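# Per-entry structural report
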Amino acid sequence: MTTHLVVPGQVIAEGDGFLRGHGTYVEILENSERLVASVAGRVERVNKLVSVIPVASSLYRGHVGDLIVGRILEVQTNRWKVQISDSHRSAQLPLSGVHLPGGVQRVRTQQDSREMRQLFHEGDLVSAEVHNVQSDGTLALHTRSLRYGKLENGCLIIVPPALVAKRKNHFCEIGNISLLLGTNGYIWIQRALPNLEDAQLAEHKEKLKKEHTETPVLPDEREKIARIRNSIECLAKVHLMVTPERIEQVFKISQSLRTEEILFPDNIIKLTRSILR
Amino acid sequence: RNLNPVIIFSFSKKDCEKYALDLHREDYTDDVEKDLIAQVYTNAIESLSDDDRTLPQVVALLPLLKRGIGIHHGGLLPILKEIVEILFSEGLIKCLFATETFSIGINMPAKTVVFTNTRKWDGKDFRWVTSGEYIQMSGRAGRRGKDDRGIVIQMVDEKMEPAVCKGILYGDPDPLNSSYKISYNMLLNMMRVEDVDPEYLLRSSFHQFQREKEVPGLLLQAKEMEEKAAQIEIEDAELVSTYYQMDQQLVVTRNKLMAICRQPQYILKFLQRSGRFLDITIDGDSYGWGALVSCNNTNSSGVGGNSGGAAGKLAQAAKKQQTYTLDVLLFCVDRHFDKKKDDDDVQKEDVQNQSMLWRGSHEHCRPVRQEEENGGDSKLISMRLFTISLDCVDRISAVVLYVPKDVHPPEARKNVGIAVKEVQKRFPDGVPLLDPIKDLCVKDPEYQLLLARATELTTRMAHHIESHKDSSSSVLADEDERTKQIQLYQRKEEYLKGAKLIRAEAHSYETIVMKDTMKQMKRVLKKLGHVDAHGVIQTKGRTACEINTADELLVVELMFTGIFADLTSEQCVALLSVLTFDERNKKDENDDPLKGLKGYLTIPYIKLQDVARSVCHAIQACKIELDEDEYVEKFNPGMMEAVFAWSKGAKFVDVQKLTDTFEGSTIRTLRRLEELVRQIANASKAIGNAELQAKMEKGSELLKRDIVFCSSLYL
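Residues numbered from 1 in each chain as written. Chains lettered and ligands numbered in written order. Predicted model: local features only at pLDDT ≥ 70, side-chain atom pairs only at ≥ 80, totals over all residues. Heavy atoms only, no water.

### Some words on the pattern of salt bridges
The criterion, for reference: A carboxyl oxygen of Asp or Glu within 4 Å of a side-chain nitrogen of Lys or Arg is what we treat as a salt bridge. Secondary structure elements follow DSSP: runs of H or I no shorter than four residues count as helices, runs of E no shorter than two count as strands, and numbering proceeds from the N terminus. Only protein chains enter the accessibility calculation, which uses a 1.4 Å probe. A residue is then buried if its area is under 20% of the maximum for its type, exposed if over 50%, and partly exposed in between.
Tallied over the entire structure, the rule returns 27 salt bridges over all chains. R20 of chain A is paired through a salt bridge with E691 of chain B; the nearest N and O atoms lie 3.3 Å apart. One end of the pair, R20 of chain A, is in strand β3 (residues 19-20); the other, E691 of chain B, is in helix α28 (residues 690-703), on a second chain. Judged by relative accessible area, E691 of chain B falls into the partly exposed class, the value being 44%. Taking the shortest distance from any N to any O, the salt bridge between D66 of chain A and K166 of chain A comes out at 3.6 Å. Taken as a pair, D66 of chain A in the loop between β7 (49-54) and β8 (67-76) and K166 of chain A in the loop between β14 (154-158) and β15 (171-174) lie far apart in primary sequence, 100 residues in all. D66 of chain A sits in the buried class, given a relative accessible area of 3%. Taking the relative accessible area as the measure of exposure, K166 of chain A reaches 21% and is therefore partly exposed. Each of R229, E233 and K237 of chain A takes part in a single network of salt bridges with overlapping partners.

Put into structure tokens, the structure is as follows:
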């Protein structure tokens, strides 16, 4: 399947019979119309709708249901401001959208408002899901599932959002290391959690999570985490889509090198050559 | 006797208005009350514009209200409904003519409740009122704290069986059966979020719970049947079973033969003469020989019209063929006599009266049994006229009787009955039949094949008996013994088969309700491009999540095929009205719905029909059962012209003239339409098409006007 790449100003289609989507505009000439791209990216056609999905930008637009990883910037009354990308527009995580400790379901009281900092404070990393997109584009998040919440004892790497495609499952495992591919380009790597599905009660799950946080990470686990982090950066440097299969592939091939050598330019090309083919 | 305030329930809106107008000479209020009513009324309609205050419904209602008479049904303007409700709860309306909707919800008890009818039309039958509906409506009678008791008056226009009446009056309320089902919108919203399991949702639904509750009962039934089967012992089971299989096959072959003979092209010319001798079986019950009275051709297909181009032609081709019904006189016994015989006097009277009834149906009557024919119960046998389809004819005879033109009087029918008996007596070996090849001229090659098979089976069966006659203790030797054993075997087989069916049903109840449907729906979504092959939601799917007022699949297809690109806002809005207009005009079924519509409205409508057909094909391709014509005909263009006029700024009076529906329905359609337009505007914003968004937002503004969107009096 060939991808139709365009640059801003390039004509995509002529005449009428198309609907204009994101990333395009219509240029009206003397006796005909032309559809022109306004961003650099891939052309997507759905029936008559033609739009251009930008590939180079670091702008993350956000759709309902996306899984993202973000950093808490501010603690405000009844909500947190979360940084999800380099742009200065941050997402909001309301107090009503987080999971209270113990799994208890109740209306948030004033007490909860005052104790917000105990749940998340500035600088914490959280994984959340987009609840809805407001009319001005701001994202409203929620962590109302035990799969989401504070991320600790691991490593974060940031890649351009366009390289992380929306998939069915954003949690993946390579060996005993688990990855969380945030759709906004923030990727979290940590030691694999024990299987949370076996634990039925919320308290039990939280206990397991706490144990995981408090146990220090062993040296060989650290090495593995670092290696995976560098593999991901390799893929990002040559602008390939970051998928668990590719990460695993690069990870395997890189076993012959030392971890820090992975990021030398020659090695990057060597490692990703097999994927590019 | 001071029975007011009274509510009079009718089952149709037209009846309500008719009865109210019949009372136009009555006056139930005094002057003080008249003033109060007038005051409430004028306050309420102040929120309407001047034009709307002169709407016929608004103007006509006030004099009725002033005299203490009110009307309430779904066709009224919402604001008028609210006025009536307020006045009734204040006690200013003494007599209210309402439809069923008044019985649900709002707190409006009265002292007396009157039912004008005991049968209602529920879309399929003209059936008796169910006990649940009766409880609901009669529960309105008697105000707590004001009345000692409530009074319910039931008008009965026709003869009703006492058992039926008891069922209505003493019956249980309607059972609460969950009809939980998943829509495409719901499914897409679930697939949007990671790791959400639609199966989990279905497994925990109430519908599933109810089904699982029934399983133990079913298994018990199955077990009982299997025990009964085990109790029946058959000697020489193997021989009997082989004989039985062959016998069954013979029956099947004979049925197929008869089915070919029954086709109209062969049989019709022999059914033109009244008096033809026929052997009839209805629903598996054999009625024996009877006499034909007349043969009628019922043309069930509509005339279709000369319009709609491709759409119309396709519809015509798919219409059903002509069907025929026969009127036959048959011996039968009224099922009424099968029920418990309490009173001897009642019984005798019934027996005398029942000969007056000349019409019979399989519901109310059953065939005559052997014992009754010869025994003392022969009084119960009567000859009645049944209306049946061609499929009920088992055999046609060459004999033709004389049947009088009018078969209503009991003597005429009795004479025919005597003649039928006479014929059977004269041909003790069997009445002569019409030969399929020589008389009916059946030329179907399949017929020959089946005939050959039938003869082969008969010879094999005879051979089977012969070969086993020699073995000493064989059961098959003696004919009576043989028939007895075969009957026992048949009964055993039936029990086993019944048990198997029940077990299969129980098993299906245990699997998740709608599991298969959900798989098929996912396939449909993949096929239409809402999700990709891995189940990740795409642009189309995200758009469909925004639409929930109307058929989301169709709306998304319309948006993405650019139908709206060439249309103005008004045309778009008129086109979308077919998706929100639900009512069907019963009288216009044979008329062409597109008649009278201008070109700028018919062309988009035909395009919509084409898109609907493509959606339907995609659904059918994923093995979901969907009738194409039914699906396309759901989208009714009856309101297109009216909505177009409304969006152009016409007054409500003029808009109402362009459509046949009640005012209330027009308003409901317009409100729902506005919601749909708003949802489409949001969706087009998500896909980035600003033109469509602007068009839809303009459409929404054009619709939101005057009386259609005036606020409720309660708020």
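### Looking at unusual backbone geometry
Residues and elements named next belong to chain A. A positive phi angle, close to 50°, is found at N47, a residue other than glycine. As for its position among the elements, N47 is in the loop between β6 (41-46) and β7. Residue N78 is not a glycine yet carries a positive backbone phi of 65°. Mapped onto the elements of the fold, N78 is located in the loop between β8 and β9 (79-83).

### Concerning the state of the cysteines
Residues and elements named next belong to chain A. For clarity, the cut-off: Put simply, a disulfide is two cysteine sulfurs that come within 2.5 Å.
Taken as a whole and judged by the stated rule, the model has zero disulfides over all chains. Not engaged in a disulfide, the cysteine C234 finds its nearest cysteine sulfur in C155; these two sulfurs lie 14 Å apart. Its relative accessible area of 0% is what places C234 among the buried residues.

### Looking at helix α4 (residues 56-66) of chain B
Residue and element names in this part refer to chain B. Here is the rule: The directions from the helix axis to the C-beta atoms form the arc being described. A contact between two residues is defined here by any heavy atoms of the two lying within 4.5 Å.
Within the span of α4, buried status applies to Q57, V58, L61, L64 and L65. Take α4 and look down its axis: the buried residues cluster within an arc of 125°, on one side only. Of the surrounding secondary structure, the elements contacted by the buried residues of α4 are α1 (13-22), α2 (31-44), α3 (50-53), β2 (69-72), α5 (78-90) and α27 (663-687). Just beyond α4, the residue with positive phi is G68, at close to 85°.

### Details of the sheet that holds β14 of chain A
Residues and elements named next belong to chain A. Here is the rule: We call two strands paired when DSSP finds no fewer than two bridges between them. Think of each axis as a best-fit line through the C-alpha atoms, taken over the contacting stretch in the case of a helix, with angles from 0 to 180 degrees between the N-to-C directions.
Taken in spatial order, the four strands make up an open sheet running β14-β17-β16-β15, and their pairing is antiparallel. The open sheet has two edge strands, β14 and β15, and neither has a second partner. The average undirected angle you get between the axes of adjacent strands in this sheet is 25°. The pairing of β14 with strand β17 (residues 186-191) spans five bridges and is classified as antiparallel. The partner of L156 across the bridge, within β17, is W188. Packing against the sheet, helix α4 (residues 219-237) makes contact with β14, β15, β16 (177-181) and β17, and its axis sits at approximately 160° to β17.

### Observations regarding the interface of chain B and chain A
Threshold: Here's the idea: put two parts together, see how much 1.4 Å probe accessible area each one loses, and the total over both is what we call buried area. In protein, a polar contact means a hydrogen-donor-capable atom and an acceptor-capable atom, both N or O and within 3.5 Å, with residues adjacent in sequence counting only if both atoms are side-chain atoms; elsewhere, any N or O pair within 3.5 Å suffices. Three classes are used: nonpolar for Ala, Val, Leu, Ile, Met, Phe, Trp, Tyr, Cys and Pro, charged for Asp, Glu, Lys and Arg, and polar for all others, with Gly counted as polar.
In this complex, chain B contributes 23 residues to the contact, which on the side of chain A involves 22 residues. Overall, the association of chain B and chain A removes approximately 2,000 Å² of surface from exposure, summing both partners, and the carbon and sulfur fraction of that is 47%. Taken together, the links from chain B to chain A amount to one salt bridge. Where chain B touches chain A, the interface holds nine residue pairs in polar contact (both at pLDDT 80 or more). For the side of chain B that touches chain A, the elements supplying multiple residues, two or more each, are α20 (539-546), α21 (552-560), α27 and α28 of chain B. Along the lines of polarity and charge, the residues of the side of chain B that touches chain A split into nine nonpolar, six polar and eight charged.

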